[in-house]
Amino acid sequence: MSETLSRVPIIDGWFTDDIDAPTLIGAKCSQCGTFVFPPRSSDCPNPNCDSITLDPTPLSRFGRIWSYTENCYAPPLPYVAAEPYEPYALAAVELAAEGLVVLGRVATGVRAVDLKVGMEMQLELDVSHRDADHEYMVYVWAPATPGSEAAQ
Amino acid sequence: MSNDRDIAILGVGMHPWGKWGHDFTEYGMVAARAALADAQVQWKDIQYVAGADTIRNGYPGFVAGATFAQKLGWNGARVSSSYAACASGAMALDSARAQILAGFCDVALVIGADTTPKGFFAPVGGGDRKHDPDWQRFHVLGATNPVYFALFARRRMDMYGATAEDFAQVKVKNSRHGLNNPNARFRKENVIADVLNSPIVSDPLRLLDICATSDGAAAMVVCSMDFARKHLGNTDGLCRVKAVGTVAPTYPQSVLELPDIASDSTAVVPAPARKWKDTIAFAAYEQAGIGPEDIDLAEVYDLSTALELDWYEHIGLCAEGEAEGLLRSGVTTIGGRVPVNASGGLACFGEAIPAQAISQVCELVWQLRGQATGRQVEGARVGITANQGLFGHGSSVIVAR
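Predicted model, so just to flag it, every value in this text is computed and none were measured. (Residues numbered from 1 in each chain as written. Chains lettered and ligands numbered in written order. Predicted model: local features only at pLDDT ≥ 70, side-chain atom pairs only at ≥ 80, totals over all residues. Heavy atoms only, no water.)

As a further point, take the overall build of chain B. The number of helices and strands found in chain B is 14 helices and eleven strands. Here chain B has a C-alpha radius of gyration of 20 Å; the compact-globule value for 401 residues is 21 Å, and the two agree. Dimensions of chain B, computed from the C-alpha atoms along their principal axes, are close to 55 × 50 × 45 Å. Within chain B, the proportion of its 401 residues that are buried is 62%. Restricting to contacts in chain B with at least 6 residues of sequence separation, those with at least 24 account for 75%. (Helix = DSSP H or I, 4+ residues; strand = E, 2+ residues; numbered from the N terminus. Rg over C-alpha atoms; globule rule 2.2 N^0.38 Å. Buried < 20%, exposed > 50% of the residue type's maximum accessible area, 1.4 Å probe, protein only. Contact = heavy atoms within 4.5 Å.)

This next bit is on the sheet that holds strand β3 (residues 35-36) of chain A. Residues and elements named next belong to chain A. In spatial order, the strands read β3-β2-β4; together these three strands make up an open sheet with antiparallel pairing. The strands lining the two open edges of the sheet, one partner per strand, are β3 and β4 (54-58). In this sheet, β4 lies alongside strand β2 (residues 25-29) in antiparallel orientation, the contact comprising five bridges. Counted as the bridge partner of K28 is D55 from β4. (Pairing = 2+ DSSP bridges.)

This next bit is on helix α7 (residues 164-177) of chain B. All names here are of chain B. The terminal C-alpha atoms of α7 lie 20 Å apart, and with 14 residues this matches the ideal 20 Å at 1.5 Å per residue to within 8%. Counting buried positions along α7 yields ten of 14 residues, so the element is predominantly enclosed. For α7, the complete set of buried residues consists of D166, F167, A168, V170, K171, V172, K173, N174, S175 and H177. On the buried face of α7, the contacting elements are α6 (145-160), α8 (192-196), β6 (205-206), α11 (305-314), α12 (323-329) and α13 (345-349). (Expected span 1.5 Å × (residues − 1).)

How big an interface is tends to be expressed through the accessible area that disappears when the partners come together. Contacts between chain B and chain A engage 42 residues on the former and 46 residues on the latter. Our enumeration of links across chain B and chain A arrives at one salt bridge. With its nearest N and O atoms 3.7 Å apart, the salt bridge here joins K116 of chain A to D158 of chain B. Taken together, the links from chain B to chain A amount to 20 residue pairs in polar contact (both at pLDDT 80 or more). When contributions to the side of chain B that touches chain A are tallied by element, the ones reaching two or more residues are α5 (133-141), α6 and β5 (200-202) of chain B. (Salt bridge = Lys/Arg side-chain N within 4 Å of Asp/Glu carboxyl O. Polar contact = N/O pair within 3.5 Å; in protein donor to acceptor, adjacent residues only side chain to side chain.)

All right, on to the packing of aromatic side chains then. Counted by the stated rule, this structure contains eleven aromatic pairs over all chains. Plain terms: the ring middles of W20 of chain B and Y27 of chain B are 5.7 Å apart, the flat faces sit at 50 degrees to each other, and that makes the pair tilted. Classification of W20 of chain B by relative accessible area gives partly exposed; the value is 42%. Every member of this aromatic cluster is reached through a ring pair, and the members are W14, F15, F37 and Y139 of chain A. Note that R274 of chain B overlies the ring of F282 of chain B, its terminal NZ or CZ placed 4.0 Å from the centroid. In this arrangement the basic side chain of K277 of chain B is found over the ring face of F152 of chain B, its NZ or CZ atom lying 4.0 Å from the centre. (Phe/Tyr/Trp six-rings, centres within 6.5 Å; stacked < 30°, edge-to-face > 60°. Lys NZ or Arg CZ within 6 Å of the ring centre and 35° of its normal.)

Quick look at unusual backbone geometry now. Backbone torsion omega between F37 of chain A and P38 of chain A reads -5 degrees, so that peptide bond is classified as cis. Mapped onto the secondary structure, P38 of chain A falls in the loop between β3 and β4. Following D203 of chain B, the chain continues to P204 of chain B via a peptide bond in cis, the omega torsion being 10 degrees. Counting through the fold element by element, P204 of chain B comes out in the loop between β5 and β6. Non-glycine residue A85 of chain B carries a positive phi angle of around 50 degrees. Positive phi, close to 65 degrees, is recorded for F391 of chain B, a residue that is not glycine. In this structure, F391 of chain B sits in the loop between β10 (382-389) and β11 (393-400).

Residues and elements named next belong to chain B. Every second residue of strand β9 (residues 297-300) is oriented toward a common face, with L297 and E299 on one face and A298 and V300 on the other, all of them buried. The pairing of β9 with β10 spans four bridges and is parallel. Note on β10: the bridge partner recorded for A298 is I384.

All names here are of chain B. Together, Y59, F62 and V63 make up an exposed nonpolar region whose accessible area comes to about 320 Å². Considering the arrangement of structural elements, one finds Y59 in helix α2 (residues 58-62). The class of Y59 is exposed, set by a relative accessible area of 64%. (Patch = residues over 30% accessible without salt bridge, like charges linked within 9 Å, V, L, I, M, F, W, Y side chains within 5 Å. Areas by Shrake-Rupley, 256 points an atom, 1.4 Å probe, with all protein chains shown as cover.)

Such coordinate-based values are descriptive only and should not be taken to indicate function.
Laid out in C-alpha cells, this is it:
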C-alpha cells in the first residue's frame, strides 16, 4: 500500500473501514426485522410489512459458501482490471443470522481450487484498484481464520 | 385439448441466427414476412403488433412494436413494446394473448429481433451510475453474466456430483440436435473433448459451455379461435397456446439470481417451498391443466450447459439433484422420452435476447406440426418452453395441438 494515496471505499456505505474486523453494512427493518443488502434507507422488501424505515446494521462477518467461481478473463468496464490481469475468485456466502447470501470477490491469492461449497469464510478488506490519488478498497471473502467464531 | 382461453398460432417465422452486425429491423422483417406467409395472413389485416424490445440498438429498439409496424408500413394496428430481458418475447406474446382473449383484437403479430455486440454483455447506459445495481455488480464485483451461470454450475458439482463431462454432454447433445436446423448459427457436431479443451471462462464453465450472443429474429401470428375458424374453415390440428407463465418471484427470493448482489433475507419470512424458477413452469402447467408427465418435448434456456440441467428440475422432469442421471440415461436426447432443446438450443443459436423466447415457441410449432426436418420429435403433441429474464421475469409457454 502506498503512503501517499488516500484510501477510499469502492462504493459508499456498503462496508466499514475497520481493516482488522470490517463488516458489511446492511439495512434492517425497524418493524418486521428483516435484512437487506446492499443497504438502503427506506421501503421494507417484506410484502407483509408496510414499514418505510430501514436502519443501517452491521452484518455477520462470518458465513458459509453457497457457491463460488473464478473470473479467468477480465470483466468489462465498469470493472477496473489490473494490467496484467490476474484471475480472481468470487464467492456467494450465506450469513446464517441474517438469512442472506452475499456475493463478493474472494481475497487476492485465494483461487477457486481452494474453495468448496459449505466452507467457512470471513469478511476482509482488499485493494480493488488504484488511480493517481486513491486506493479503492473493496470487501472480500477469505477463508475463515481457524478458531474464529465461524467454526461455532 | 382445448379450453376457452386457447389462442391459435397461425404462423411462425425466423431469420437465421448469426453475427453480421446489420440493422436489427432487417432481420425482423424477414421473420415477420415468413410468419405472415406461413399464416397466410396479409400484413394489412394484422390488428395488433406486440414487439419485444432490444436495449442495445438505441431508440428503435425501445419501441420495437412501433418500429416494426412502421417498417412493414403503418396499417393502423395498435402496437405495444415489451421489455423483460430474456423473457421479452414471452411478455410480448402474453400481451397479444391478453388482447385477443379480452376481445380487443382478433389477430396479432408477435416479433423480436436483435443485433448484439461481441464479448461479455456490459451494463447498458455507460457512465458512473452508482445507484444502478447492474453498474454495481460489474464495478464492485466484476460479476459478469457467466459468473452467475458458474455459481449454479459449481453448486451442481459440489452438491450433486455433476462433472465437467456432464456439462460437456449437454453441449454434445445439443450440437447434434441442431446440426440440421436451418436457423441455427452453429451447426458443427461437438464431442466431449471439444468442450473440455476449450478455455475456462468462469470456473467451472468453459467457453463451449456458455452460449454466444447472436443476431437473429423470430415472429409469430396468433389469433382468436374464432378468427382461425373463419380463416381456415376449421381449427383441426392447429397449434394452440395453452399457457403463458410470466411469474415474478415471491418474497423472499432466497436464491441468488442474476443480476442480484445478495439474496432476500429468510430471517423473518422463510423461503417458499417452491422457489422462483420452479414456479415458472408450474404456473404454466396450472393454466394448461396438465403436468410435467404430459410433456413430449421442452425448449429451455441453456445459457450454459449446466443451466439446462437446472431446468430439467425446474420444469419437473426430475427431482432436484437428478438431472445428470436424466441426461446420462438419454431421456432428454431426441429419441428419448422428453427431448430437451431439439432445436439445438442456445448452444447452437447463441442468444438473440428479444427473439429467443419467440424462437422457442416457433420450434415447438414446427415440432408439433411434424415439420422439424432432421430433428423431429416423433409424435409430439405438447411442448413447453422455459426461460428466465433478468430482474425476476419468468417465461414459460405451453403449446399443444
